[in-house]
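Overview (structure and organization)
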Number of protein chains: 2
Amino acid sequence: MIVNGKHYKTVWMEGSKVFLINQNKLPFEFEIFTSSTYGESIQAIKTMITRGAGAIGVTAGFAVVQAAMEAPSNDFQAFMTRAISAINASRPTANNLFYATKKIADAIKGLDKEWAVKASSELAQQLALENILEAKAIGEYGNSLIKNGMSIETHCNAGWLGFVDYGSALSPIYTAHREGKKMFIYVDETRPRGQGARLTAWELQNEGIPHAIIADNAGAFYMQRGEIDMMIVGADRIAANGDVANKIGTLEKAIIAKEYNVPFYVAAPTSTIDINCPSGKEIPIEMRSEDEVLVQSGLDQDGNMKSIHVAAPGSPAYNPAFDVSPAKYISGIITEKGIVRACEDDIRTLFD
Amino acid sequence: MIVNGKHYKTVWMEGSKVFLINQNKLPFEFEIFTSSTYGESIQAIKTMITRGAGAIGVTAGFAVVQAAMEAPSNDFQAFMTRAISAINASRPTANNLFYATKKIADAIKGLDKEWAVKASSELAQQLALENILEAKAIGEYGNSLIKNGMSIETHCNAGWLGFVDYGSALSPIYTAHREGKKMFIYVDETRPRGQGARLTAWELQNEGIPHAIIADNAGAFYMQRGEIDMMIVGADRIAANGDVANKIGTLEKAIIAKEYNVPFYVAAPTSTIDINCPSGKEIPIEMRSEDEVLVQSGLDQDGNMKSIHVAAPGSPAYNPAFDVSPAKYISGIITEKGIVRACEDDIRTLFD
């Protein structure tokens with residue numbers, strides 16, 4: 001991704017430091033957050049300085065490396081077990097987090113500190129690189145579904161910022177755009193945190209792709225009028241049967257898209273697939289603070305960030321962060337290995 | 001409705017002045033807005049100081065009375081024709097507006113100024129009173145659908161504030177509550193203007209009814225889990241075939257409710273039914289300013305009202321204010337004359 005004429009990744013590691021585009025400051029301010037310890041990296045995931053399944057996974061991998069660097073030489077393995085538990089507890093839904101920490105945990109099992117630092121660092125950097133290459137491949141496969149002149153709706157942000165680069169749901173759109181295809185993107189604002197209005201719209205501006213933000217309520221209005229040709233969303237976890245956990249509201253869109261015969265694609269690397277999870281029923285759903293619904297932040301007229309209470313003071317809110325879309329609503333899953341149907345037979349072929 | 005221990009109506013007229021609960025200030029400030037001219041009343045409808053089909057209709061009726069008072073004695077009828085056109089142009093979707101202005105226009109046709117002021121005033125006051133009685137009757141009919149212990153979801157605000165009192169969608173809930181039935185209300189925040197989070201939640205607090213605000217995205221999540229027993233919404237216009245125009249997002253909920261076999265009721269007085277409108281396709285849908293999506297207002301930490309930009313600066317937004325739910329998704333229409341199916345045969349019986 002190019003921001004202000006310079007190439008960036010969403011997350012990268014140098015020495016013992018992890019660098020993250022601060023997604024809580026975007027789109028109003030472009031700031032790089034520096035995490036110096038694994039504890040700070042956990043906090044960065046919890047507070048959503050970094051977010052999106054892919055970016056969470058890579059950040060978690062780097063956090064394991066930081067933990068290895070911070071661990072005492074004696075009692076190293078016990079420290080790492082506790083540290084990896086803490087990293088795994090930062091957010092419950094995205095599979096990529098557990099995929100990354102497990103890969104590294106397996107690789108450093110039995111190693112002493114010096115070797116473990118070296119091995120974890122190499123593996124975490126490799127996972128970050130793979131994340132980029134997978135996202136790029138998703139873009140190429142997904143591009144085959146996009147015809148010139150299409151209007152595409154997307155929910156939340158599964159773009160650059162949800163990965164190390166390129167993204168999942170937005171990657172096919174970027175590939176198509178670079179090939180010269182014309183598109184118009186309907187961007188669900190994605191309440192309560194507004195990742196669509198804030199992050200996806202910001203990415204599309206940077207890429208120069210025509211778009212409009214719509215209230216999440218307006219999706220069916222445009223589908224009913226035949227103005228949406230396709231929907232592409234990302235995923236936080238995909239069960240073996242093809243059920244997809246993704247940002248709250250994805251389920252509504254999946255049902256509505258089916259109702260209006262709008263193809264509904266999910267784009268995600270195979271690291272998002274939890275092949276040991278039989279169906280969506282087993283995916284844990286994170287409940288987040290009611291303040292995300294009740295309080296909004298943004299720029300006031302003087303250009304300062306302000307938080308305001310937007311609901312009736314005293315009324316509580318419920319805030320599930322994800323929902324599960326049953327496989328029957330999904331037209332296909334776009335992975336770095338190709339496009340498959342959302343069913344166990346097809347999904348298993350990705351792991352052969 | 002009782003606010004701070006005192007009985008209020010949402011809109012009333014005394015002398016030449018129309019008094020309105022200022023719904024742009026709620027829930028943060030309870031203020032009565034005074035409109036002294038029909039032009040000010042038009043502005044109050046346009047800027048949504050008053051909103052909701054019933055309240056718009058009654059305010060429009062009072063605006064016609066103000067126009068009659070302001071009109072010159074000579075050229076009276078021509079002035080009124082122009083004034084009523086301007087009132088009708090204030091908002092395009094709610095049928096109650098046209099119902100009220102047409103009723104009064106028909107009554108004053110051919111009258112001179114003195115008689116017209118008297119006739120319009122009596123008729124507008126009668127329409128306001130009918131609005132209350134109809135809302136109360138809707139509450140009684142709708143109450144028959146509510147069982148003790150139910151969880152009910154509602155969208156937007158079709159409560160006290162959308163009518164002169166009681167409301168439509170919320171009136172059955174208030175009647176059930178006063179009878180001692182326990183309920184829990186899921187309140188869709190109703191982006192972009194947040195009438196659920198701001199107005200419905202505020203009303204439910206005043207009535208002491210347990211509730212939680214949810215992002216509009218979360219409706220399907222709770223229906224999938226079987227946690228919603230019924231949905232009740234209001235309407236801005238109902239076509240002869242039972243199609244219902246209501247706040248943007250109603251269509252999504254209607255489709256999802258059908259998918260999960262959740263009964264989906266529309267509550268509205270017969271003045272909301274446009275029997276001359278064959279289907280939802282003919283209902284004009286208002287497009288409102290993109291700022292309603294991009295800018296949010298609320299209370300800052302010091303208790304001052306602030307507006308902030310919540311989306312990527314420079315990205316545009318589309319903002320349809322209403323959508324049309326086809327009759328096939330609607331379990332029934334709760335009117336002041338009883339509950340009917342959403343089909344032409346049943347709807348016509350209401351006009352016999």
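Along each chain, residues carry numbers from 1 onward, in the same order as the chain's sequence is written. To label them, take the chains in the order written and letter them from A, then take the ligands in the order written and number them from 1. Reporting of local features is limited, given that this is a predicted model, to residues whose pLDDT is at least 70; pairs of side-chain atoms are given and counted only at 80 or more, and all residues count toward the totals for whole chains, interfaces and linings. Values shown for side chains rest on all heavy atoms present in the structure; no hydrogens or waters enter the calculation.

Focus: the nonpolar core
Cut-off, in case you're wondering: Residue types Ala, Val, Leu, Ile, Met, Phe, Trp, Tyr and Cys, when buried and joined through side-chain atoms within 4.5 Å, form a set referred to as a nonpolar core. The buried label applies to any residue whose accessible area, calculated with a 1.4 Å probe on protein chains only, is under 20% of its type's maximum; exposed applies above 50%, and partly exposed to all values in between. By definition in these notes, contact holds between two residues if any of their heavy atoms fall within 4.5 Å.
I238, F264 and V266 of chain A together with I238, F264 and V266 of chain B are the most contacted members of the largest nonpolar core, which totals 86 residues. Not counting chain neighbours up to four residues away, the residues in contact with F264 of chain B comprise M231, V233, T250, K253, A254, A257, Y329, I330, S331 and G332 of chain B. Judged by nonpolar contacts, the second largest core, of 42 residues, contains M80, A94, A128 and Y166 of chain B.

Things to note about the sheet that holds strand β4 (residues 17-21) of chain A
All names here are of chain A. In plain terms, the rule: Note: two strands are recorded as paired if DSSP finds a minimum of 2 bridges between them. Secondary structure elements are taken from DSSP: a helix is a run of H or I of four residues or more, a strand is a run of E of two residues or more, and numbering for both begins at the N terminus. Note on geometry: axes are lines fitted to C-alpha atoms, helical ones only across the stretch in contact, with angles between N-to-C directions running from 0 to 180 degrees.
The antiparallel open sheet is built from three strands, whose spatial order is β3-β4-β5. Both outer strands of the open sheet, β3 (11-14) and β5 (32-35), are each paired with one neighbouring strand and no more. Between one strand axis and the next, the sheet turns by 25° as a mean value, whatever way the strands run. Those strands touched by helix α2 (residues 53-70) are β3, β4 and β5, and its axis lies near 20° from that of β3.

Some points on the packing of helix α3 (residues 76-88) of chain A against helix α4 (residues 95-108) of chain A
Residues and elements named next belong to chain A. Spelled out, the test is: For classification purposes, an angle smaller than 35 degrees is called roughly parallel, one larger than 145 roughly antiparallel, one from 65 to 115 roughly perpendicular, and anything else oblique. As a working rule, the residues Ala, Val, Leu, Ile, Met, Phe, Trp, Tyr, Cys and Pro are called nonpolar, Asp, Glu, Lys and Arg charged, and the rest polar, with Gly in that last group.
Closest axis-to-axis distance for the α3/α4 pair is 10 Å, and the angle between their directions is 170°. What the angle tells us is that α3 and α4 run roughly antiparallel. Two secondary-structure elements touch here, α3 through Q77, M80, I84, I87 and N88 and α4 through L97, F98, T101, A105 and I108. A per-class count over the contact of α3 with α4 returns seven nonpolar, three polar and no charged.

Quick look at the relation of the copies chain A and chain B
Each copy of the chain is related to the other by a rotation around an axis and a translation along that axis. Where we set the bar: Least squares is the method used to superpose the copies, on C-alpha atoms of residues holding a pLDDT of at least 70 in both.
Of the transformation superimposing chain A on chain B, the axial component is 0.0 Å and the angular component is 180°, with the fit at an RMSD of 0.0 Å. On this basis, the relationship between the two copies can be described by a two-fold rotation axis. Looking at chain A, 100% of its interface residues are interface residues in chain B too, so the copies touch through the same face.

Quick word on unusual backbone geometry
Cis geometry is adopted by the peptide bond preceding P192 of chain A, which originates at R191 of chain A and carries an omega value of 10°. With respect to the helices, strands and loops of the structure, P192 of chain A is situated in the loop between β7 (183-188) and α7 (195-207). For T190 of chain A, which is not a glycine, the phi torsion comes out positive at approximately 70°. Relative to the helices and strands, T190 of chain A is located in the loop between β7 and α7. If you check the backbone angles, Y166 of chain B has positive phi at about 65° while not being a glycine. Mapped onto the elements of the fold, Y166 of chain B is located in the loop between β6 (150-154) and α6 (171-178).

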